[in-house]
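Spelled out from the first residue to the last, the chains are:
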Amino acid sequence: MKSLAELTELKEQAEKKLRVRKSSGKPQIIVGMDDCGIDAGAREILKKFLAEVNQRDLDVIVTQTECSGQCDQEPVVTVQLPEESKVTYGNVTAEKLEQIIEEHIVNGNILEDLKLDQ
Amino acid sequence: MEQSIYRSHILICGGTGCVSSGCKEVRSSLEDELARHDLEDEIKVLETGCHGFCEKGPLIIVYPESVFYCELKPENMEKLVEEHILKGKIVEEFLYQEPVTNESVRSYKDIDFYKKQERNALANCGHIDPEEIEEYIATGGYQAIGKALTEMTPQEVIDEVKDSGLRGRGGGGFPAGLKWQFASEAEGDKKYVICNADEGDPGAFMDRSLLEGDPHRIIEGMVIAAYAIGADEGYVYVRAEYPLAIKRLRIAIEEAEEYGLLGDNLFGTDFNFDLHIKEGAGAFVCGEETALMASIEGKRGMPRPRPPFPAQKGLWGKPSNINNVETYANVPDVIQDGAETYKQVGTEGSTGTKVFALTGKINNTGLAEVPMGITMREIIYDIGGGINDGKEFKAVQIGGPSGGCLPEDKLDLTIDYDSLLEVGAMMGSGGLVVMDEDTCMVDVSRFFLDFTQSESCGKCTPCRVGTKQMLDILERITTGEGQEGDIELLEELAENIKSTSLCGLGQTAPNPVLSTLRYFRDEYEAHIYEQNCPAGACEELLGAYVIDGEACVGCTACTDACPVDAISGEAKEEHQIDEDACIACGACVEKCPVDAITQ
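Parameters and conventions
The residue numbering used here restarts from 1 in each chain and proceeds along that chain's sequence as written. Written order determines the labels here, with chains lettered from A and ligands numbered from 1. Residue-level local features of this predicted model are given only where pLDDT is at least 70; pairs of side-chain atoms are given and counted only at 80 or more, and the full residue set underlies all totals for whole chains, interfaces and linings. In DSSP terms, a helix is any run of H or I states spanning at least four residues, a strand is any run of E spanning at least two, and both are numbered starting from the N terminus. In this description, a residue-residue contact is defined by the distance between C-beta atoms placed from the backbone, which must lie within 7 Å. For a compact globule the rule gives 2.2 Å times the number of residues to the power 0.38, and the radius of gyration it is set against comes from C-alpha atoms. Being paired, for any two strands, means DSSP has found at least two bridges between them. Orientation is described by lines fitted to C-alpha atoms, with helices fitted over the stretch in contact, and by angles between N-to-C directions that extend from 0 to 180 degrees. The source of the domain bounds is an automatic or database domain assignment. With C-beta atoms placed from the backbone, a residue is buried if 20 or more other C-beta atoms are within 10 Å of its own, exposed if 12 or fewer are, and partly exposed between those counts. Per-residue confidence from the predictor is given as pLDDT, running between 0 and 100.

A.B. asks: For this particular structure, what's the right way to read the overall build of chain A?
C.D. replies: A count of helical and extended segments in chain A gives 4 helices and 4 strands. Seen in sequence order, chain A has helices and strands lined up from the N terminus as α-β-α-α-β-β-β-α. On the principal axes, the C-alpha backbone points of chain A span a range of 60 × 25 × 25 Å. Within chain A, residue pairs in contact and separated by at least 24 positions form 64% of the contacts whose partners lie at least 6 positions apart.

Here you go:
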């Protein structure tokens, strides 16, 4: 270790690997993962979200939840930005997934046309 | 693509407590289940040091939800993975249940055991992988030594530690900054820093847990001390009975060397520091600093008179600074956050926190870090969950074999170095052994004397012969052979041993006897003058049982239970116990449905 700056750089790199252990105050992508979701391909959607978050180096929590009762709309994905209300999207595909990340997570714009009524 | 970021981390407690309750089997079952569901790329499993809540092990925390599962078995993993990890459903049945309300608690932060704690030294224990230096660095690790080396002079480091009020956590409570000042001012071409990890008090395991859970914090504290006093070499003296602590410390030292955090020219300065491990063979006396240094030198672990103190003539005759594990664990925070912030916690004379090992007749055994100035009642009842099996509290033994037993009327005492000394106990290393109504206080002091007597190194007469005499008297009293004058003789011996022994072992060995005589003298008197053990613990003093004829319903349950056929009587008629045949085993008492049998 040659300097404090080198250590700080290493710290920032290392912190990324521990991001998942601090979830409060972070954007969350919550994938419905009950049997209905899994049957509709939610596992693949979750993996793609995770890969996308990794690739873009985003500090976003990707997690899953039980059935929300909208089984016919699965895969269902909820986006929760800090201090904003939850927005739920239905029939999420790989294509829609990229839109959700790009528009909603990165730019903070809700995709009104994909949004499900609560 | 390299999966650098996982969606979930599963942290398994891998402290010695959880290893013995089966965490290794739980981990391998968990990994099998994750593989079966093809989840290995999404979920990272890692082993941490002690969470402190050993009573409820094996423990798991699942992130990002921070769900705390406890008392897990390998066969539970199938359900845990299928429900929680795959589908996101929290498995209620594996959550911790508050014993009073029976409510399930999701996050460990909401469990009473953790609520009143202030985990600073233990901040990372249970939350990082101790075998992964980058996890320590991610939490801000090694920033303090970087700051000290590049922005502070050695004297500024010493002044900061002095100003923080940090006192030695190993027992004596000597101000750490002052100790560093002495070692810094001592003349010498070579100096050493030493970490005392020879934790020997029965029931104490805080140093072991710190080394197992966050070894880099100890290393960082030692490097800071070395810079402050001008040492370039150090030793961690750790007992060989702590194999996991040694293993993790060894890995940590190798990693620190690899990352240039130990070795030459740290942070681009001309400061060099090498660290070694010395395994001790587990003699209690080697926790005494001069005996410890003799042991590192390869000599028999025996103390020598002080002065000269280690700061003047320490290891191999060179100026040395020796602190306990927990003391070093506090140092990075003092330097990183500053003395003013550090002092915000604790009392004026005792700043910061203290880690206690809770054991004995208490519901929540484990490790608790609390602010100095907390009361004993808060530790035992709010954190410890009170006494086992609904029994009555009788005493708490604090400070190990050098400490004392405190009775119920001292429960509201605020805990700091000085208040404990005033009531005849001491902080010690932080062992707390809780005792209930069934504990005989004479027997407790016999137990501790038996320990110190057998651990006495034999170099000085008061300790070698004196403790043996005291032990003989205590053994006599607990077996019904106590004589008039025994109490006075114990007191006289105790004072002599305290004032004339060579080292701390002998000087404090009589403390358990003196404190029990101070608070529970009536129990000693009952043993000697009435041949009675009020707690019913000393077997040889237990009298025969008698049946209350009016209460007896003649059910014959006791007759069947008695192993020596000492009970006679027809069914539905009054029964009698033959006093001469009765061995006072108490088997009949347990069976009697109407509580008609007493001693």
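A.B. asks: What exactly am I supposed to notice about the overall build of chain B here?
C.D. replies: A count of helices and strands for chain B gives 24 helices and 19 strands. Its C-alpha radius of gyration of 27 Å places chain B within 12% of the 25 Å reference for a compact globule of 599 residues. Expressed along its principal axes, the backbone C-alpha trace of chain B runs to roughly 90 × 65 × 40 Å. In chain B, the proportion of contacts linking residues at least 24 apart, taken out of those at least 6 apart, comes to 72%.

A.B. asks: What is the right way to look at the sheet that holds strand β1 (residues 8-13) of chain B in this model?
C.D. replies: Strand pairing in a sheet relies on backbone hydrogen bonds. The paired strands run either parallel or antiparallel. Residue and element names in this part refer to chain B. Ordered by their spatial adjacency, 4 strands build an open sheet running β2-β1-β3-β4, and the pairing between neighbours is mixed. For this open sheet the edge positions go to β2 (43-48) and β4 (67-69), each flanked by a neighbour on one side alone. Going across the sheet, the axis of each strand differs from the next one's by a mean of 20 degrees, ignoring polarity. Direction of pairing for strand β3 (residues 60-63) relative to β4: antiparallel, over a ladder of 3 bridges. Residue pairing across strands places Ile60 opposite Tyr69, the latter belonging to β4.

A.B. asks: Is there a simple way to think about the domain arrangement of chain B in this case?
C.D. replies: Residue and element names in this part refer to chain B. Parsing chain B into structural domains produces domain 1 (8-115), domain 2 (133-342), domain 3 (353-436), domain 4 (441-529) and domain 5 (543-599). Summarising the inter-unit geometry, the C-alpha centres of domain 2 and domain 4 are found 34 Å apart. The interface of domain 2 with domain 4 comprises 10 residues on the first partner and 8 residues on the second.

A.B. asks: I keep staring at the pairing of strand β2 (residues 61-65) of chain A and nothing clicks. Help me out?
C.D. replies: On a regular strand, each side chain points to the face opposite its neighbour's, so the side chains alternate between the two faces of the sheet. Residues and elements named next belong to chain A. Extensive coverage of β2 is indicated by the burial of 4 of its 5 residues. In terms of strand pairing, strand β1 (residues 28-32) meets β2 through 5 bridges, oriented parallel. Its bridge partner lying in β2, Val31 is registered against Gln64.

A.B. asks: I would appreciate a short explanation of the pairing of strand β11 (residues 353-360) of chain B in the present structure.
C.D. replies: Residues and elements named next belong to chain B. Across the 8 residues that make up β11, a large majority, 8, are buried. By the bridge criterion, 6 bridges tie β11 to strand β12 (residues 366-371) in an arrangement that is antiparallel. By the bridge assignment for β12, Thr353 is matched with Pro371.

A.B. asks: Please clarify how the sheet that holds β2(A) should be interpreted in this entry.
C.D. replies: Residue and element names in this part refer to chain A. Read from one edge to the other, the open sheet built from 4 strands follows the order β2-β1-β3-β4, with strand pairing classed as mixed. The sheet terminates laterally at β2 and β4 (87-89), the two strands that pair on one side only. Here the average twist between neighbouring strands, direction ignored, is 25 degrees. As paired elements, β1 and strand β3 (residues 77-80) share 4 bridges and run antiparallel to each other. Bridging from a neighbouring strand, Ile29 pairs with Val79 of β3.

A.B. asks: What's the story with the confidence of the model for chain B in this structure? I'm lost.
C.D. replies: Chain-level statistics for chain B give a pLDDT mean of 94 and a share of 99% at 70 or above. As a predicted assembly, this complex carries a pTM of 0.91 together with an ipTM value of 0.92.

A.B. asks: Got a minute to help me understand the environment of B:Glu83 in this structure?
C.D. replies: Here B:Glu83 lies in helix α3 (residues 77-87). Classification of B:Glu83 as partly exposed rests on a count of 17 C-beta atoms within 10 Å.

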